[in-house]
Amino acid sequence: DAGITQSPRHKVTETGTPVTLRCHQTENHRYMYWYRQDPGHGLRLIHYSYGVKDTDKGEVSDGYSVSRSKTEDFLLTLESATSSQTSVYFCAIKREGGSEQYFGPGTRLTVT
Amino acid sequence: GESVGLHLPTLSVQEGDNSIINCAYSNSASDYFIWYKQESGKGPQFIIDIRSNMDKRQGQRVTVLLNKTVKHLSLQIAATQPGDSAVYFCAENQENYGQNFVFGPGTRLSVLP
């Protein structure tokens, strides 16, 4: 499972509230990713990181910010959650020298 | 934008039969492809990958075929087992160009007893 954990695993929040999701990895991988998964869309990249304090936007970054202050943690923040951000969020890593990505167990977020 | 995935939502196969799951891609510049398996309530699990300089790659009970002429990818599962029931989706990437994988919507494989 590439040593990836996500927290919380489930969260219900109200529109307009801030939410932070955490991805934690234990294998010191440089690359980390945040995706959202919605029916009919497949996985879509939100943001990714290629090292501590090095991040970049993905396909659907609007309304999201990220931070990576240490190698093992990659945080995804919804500054003011909206109902359109109800989704399942997956974190992934890429091993050095490889191209494939390995995913965490996911966080189901519901914005009411 | 470019898209990946043949929208075939469900595939039902008899236990012991072979399964074939298909995926179409539209970006002719894509040079790396992955198949993932996702069981209910879990994260996607890497199955097998293939680069564009190959047209076939085999793993344990799985084979991926790549037809660059028609931009088509398939995953073959031999002797399908109940544990193979899941959603399968493909992903494409230009390996030396950015981090953006494009993922297909997936196909649900149901294995009948």
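Everything here concerns the structure above.
Bear in mind the structure is a predicted one, so any value in this text is a computation, not a measurement.

J.: Give a detailed account of the layout of surface pockets, specifying residues and quantitative values.
T.: Here the largest pocket defines a volume of roughly 750 Å³. Residue lining of the largest pocket: 33 residues in total, with Gln37 and Arg108 of chain A together with Gln38, Val87 and Arg108 of chain B positioned closest to the centre. Elements with a contribution of two residues or more to the lining of the largest pocket: strand E4 (31-38), strand E9 (87-94) and strand E11 (107-111) of chain A together with strand E8 (86-93) of chain B. Ranked by residues supplied to the lining of the largest pocket, first place goes to E11 of chain A with four residues. Looking at the lining of the largest pocket residue by residue, the class counts come to ten nonpolar, 17 polar and six charged.

J.: Describe the interface of chain B and chain A, and please don't skip the residues or the numbers.
T.: With 19 residues of chain B at the contact, the number on the chain A side is 21 residues. Between chain B and chain A the total buried area reaches about 1400 Å² when both faces are included, carbon and sulfur atoms providing 53% of it. Taken together, chain B and chain A are joined by zero salt bridges. Along the contact surface separating chain B from chain A lie four residue pairs in polar contact (both at pLDDT 80 or more). Considering only residue class, the side of chain B that touches chain A consists of nine nonpolar, six polar and four charged.

J.: Pulling in residues and values, what's your account of the packing of aromatic side chains?
T.: The full count for this structure, using the stated rule, is 18 aromatic pairs over all chains. The interplanar angle of 85° and the centroid separation of 6.5 Å between the aromatic rings of Phe90 of chain A and Phe103 of chain A together place this pair among those described as edge-to-face. In this pair, Phe90 of chain A is assigned in strand E9 and Phe103 of chain A in strand E10 (residues 101-103), connecting sequence segments 13 residues apart. Neither Phe90 of chain A nor Phe103 of chain A differs from the other in exposure class; each is buried. Here the aromatic rings of Phe103 of chain A and Tyr36 of chain B are separated by 5.3 Å at their centres, their planes lie at 85°, and the arrangement is edge-to-face. Placement of Phe103 of chain A in strand E10 and of Tyr36 of chain B in strand E3 (residues 32-38) is noted, with the two residues assigned to different chains. Comparing Phe103 of chain A with Tyr36 of chain B, the two get one shared label, buried. Taking the ring centre of Tyr31 of chain A as reference, the NZ or CZ of Lys94 of chain A above it sits at 4.3 Å.

J.: Describe in detail the pairing of E4 of chain A, supporting the description with residues and values.
T.: Residues and elements named next belong to chain A. By the criterion of burial, E4 is predominantly enclosed, with eight of the eight residues buried. Bridge analysis of E4 against E9 gives seven bridges, and the strand direction is antiparallel. Opposite Trp34, over in E9, you have Cys91 as the bridge partner. Bridge analysis of E4 against strand E5 (residues 42-51) gives seven bridges, and the strand direction is antiparallel. Bridged to Met32 within E5 is Ser49. Hairpin geometry of E4 and E5 is characterised by an intervening segment of three residues between the two adjacent antiparallel strands and by a positive phi of about 80° at Gly40.

What counts as what
- Residues numbered from 1 in each chain as written.
- Chains lettered and ligands numbered in written order.
- Predicted model: local features only at pLDDT ≥ 70, side-chain atom pairs only at ≥ 80, totals over all residues.
- Heavy atoms only, no water.
- 1 Å grid on protein atoms, 1.4 Å probe; cavity = no way out; pocket = protein on both sides within 12 Å on 5 of 7 lines; lining within 4 Å.
- Points joined across faces, edges and corners; volume = space filled by probe spheres on them.
- Helix = DSSP H or I, 4+ residues; strand = E, 2+ residues; numbered from the N terminus.
- Nonpolar A, V, L, I, M, F, W, Y, C, P; charged D, E, K, R; others polar.
- Contact = heavy atoms within 4.5 Å.
- Buried area = accessible area lost by both parts, 1.4 Å probe.
- Salt bridge = Lys/Arg side-chain N within 4 Å of Asp/Glu carboxyl O.
- Polar contact = N/O pair within 3.5 Å; in protein donor to acceptor, adjacent residues only side chain to side chain.
- Phe/Tyr/Trp six-rings, centres within 6.5 Å; stacked < 30°, edge-to-face > 60°.
- Buried < 20%, exposed > 50% of the residue type's maximum accessible area, 1.4 Å probe, protein only.
- Lys NZ or Arg CZ within 6 Å of the ring centre and 35° of its normal.
- Pairing = 2+ DSSP bridges.

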